[in-house]
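One letter stands for each residue in the lines below.
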Amino acid sequence: MMAKLSTEDLLEQFEGMTLIELSEFVKAFEEKFDVTAAAPVAVAAAGAGPAAAEAVEEQDEFDVILDGAGDKKIQVIKEVRALTSLGLKEAKDLVDTAGAKVLEKVAKDVAEKAKAQLEGAGARVTVK
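> Looking at this model, I keep getting lost on the nonpolar core. Mind explaining?
Generally speaking, nonpolar side chains in soluble globular proteins are found buried as a group. Counting residues in hydrophobic clusters, the biggest one holds 20 residues, and the most contacted among them are Val64, Leu66, Val76, Val80, Val95, Val102 and Leu118. Taken together, the elements giving at least two residues each to this core come down to β1 (62–68), α4 (73–83), α5 (88–96), β2 (100–106) and α6 (108–120). Here this core takes 4 residues from β2, the largest share from any one element. Ignoring anything within four residues of it in the chain, the contact list for Val102 reads Val64, Leu66, Val80, Leu83, Thr84, Leu94 and Leu118.

> Looking at this structure, I do not really get the environment of Val106. What am I missing?
Note on placement: Val106 falls in strand β2. The class of Val106 is buried, set by a relative accessible area of 15%. Once the C-alpha coordinates of Val106 and Val64 are considered, the two residues, 42 residues apart in sequence, prove to be 8.3 Å apart.

> Is there a simple way to explain the packing of α4 against α5 in this structure?
Geometry of a packed helix pair, given as the angle between the helix axes and the separation of the axes. Put simply, α4 and α5 touch, their axes get as near as 9 Å, and they point 120 degrees apart. One finds that α4 runs oblique with respect to α5. Here α4 runs over α5; the crossing is right-handed. Contact with α4, carried on its side by Lys73, Val76, Ile77, Val80 and Arg81, involves Leu88, Ala91, Lys92, Leu94, Val95 and Asp96 of α5 and no other residues of that element.

> Got a minute to help me understand the sheet that holds β1 in this structure?
Hydrogen bonding along the main chain pairs the strands of a sheet, whether they run parallel or antiparallel. If you walk across this open sheet you meet the 3 strands as β2-β1-β3, and the pairing is antiparallel. For this open sheet the edge positions go to β2 and β3 (124–127), each flanked by a neighbour on one side alone. Averaged over all pairs of adjacent strands, the angle between strand axes in this sheet comes to 20 degrees, irrespective of strand direction. Where β1 meets β3, 4 bridges bridge the pair, whose relative direction is antiparallel. Along β3, the bridge assignment pairs Leu66 with Val125.

> Where do I start with the pattern of salt bridges in this structure?
Scanning all chains against the criterion turns up 6 salt bridges. Asp96 is the partner of Lys73 in a salt bridge, and the nearest nitrogen-oxygen pair spans 2.5 Å. Here Lys73 is found in helix α4, whereas its partner Asp96 is found in helix α5, with 23 residues between them in sequence. Owing to a relative accessible area of 32%, Lys73 belongs among the partly exposed residues under this scheme. By relative accessible area, Asp96 is classed as partly exposed at 39%. Across the pair Glu104 and Lys101 runs a salt bridge, and its minimum N-O distance is 3.7 Å. Linked by salt bridges that have partners in common, Asp63, Lys101 and Glu104 make up one network.

What counts as what
- Along each chain, residues carry numbers from 1 onward, in the same order as the chain's sequence is written.
- Reporting in this predicted model follows two pLDDT cut-offs: at least 70 for local features of residues, and 80 or more for side-chain atom pairs to be given and counted; totals over whole chains, interfaces and linings ignore these cut-offs and use all residues.
- Only heavy atoms go into the side-chain values, all of them from the structure, while hydrogens and water stay out.
- Nonpolar core, defined: a set of buried Ala, Val, Leu, Ile, Met, Phe, Trp, Tyr and Cys residues in which side-chain atoms within 4.5 Å join the residues together.
- Summary of the burial criterion: residues with accessible area below 20% of their type's maximum are buried, those above 50% are exposed, and those between are partly exposed, where the area comes from a 1.4 Å probe applied to protein chains only.
- Helix and strand assignments follow DSSP, with helices taken as H or I runs no shorter than four residues and strands as E runs no shorter than two, numbered in order from the N terminus.
- Any two residues whose heavy atoms approach within 4.5 Å at even a single point are treated as in contact.
- Convention adopted: a line fitted to C-alpha atoms gives each axis, helices being fitted over their contacting stretch, and angles between N-to-C directions are expressed from 0 to 180 degrees.
- In these notes the angle categories are as follows: under 35 degrees is roughly parallel, over 145 is roughly antiparallel, 65 to 115 is roughly perpendicular, and the rest is oblique.
- Two helices crossing with the near one rotated counterclockwise from the far one by less than a right angle form a left-handed crossing, whereas a clockwise rotation gives a right-handed crossing.
- When DSSP finds two or more bridges between a pair of strands, those strands are recorded as paired.
- We count a salt bridge whenever a side-chain nitrogen from Lys or Arg sits within 4 Å of a carboxyl oxygen from Asp or Glu.

Written out as structure tokens, the structure reads:
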């Protein structure tokens, strides 16, 4: 089993890569996990005028917050571990902390899927 890399370790690895290598990595990542890494961009029609510039940007990053574990705490801990790279103790501590963020700054579809998984295990969840 491979040791988990910290965010700093990963950033250090990416720092040494060329733009082409990074681009290839992003493509491979998107294929492997069936996601899109590019943030959605709203394209305004040319000459749409100042009204388009004032359009409200749609939220594209969401936090999944655990409001409570419910009666099936062990199931919720299993789901938290499946959604994150946390170990058993860290996942249990997170589940024991009301209002804890399970996932931060994730895409809407990822947040909705995580919410469904956690609620399926009996947890109360908020997506913000």
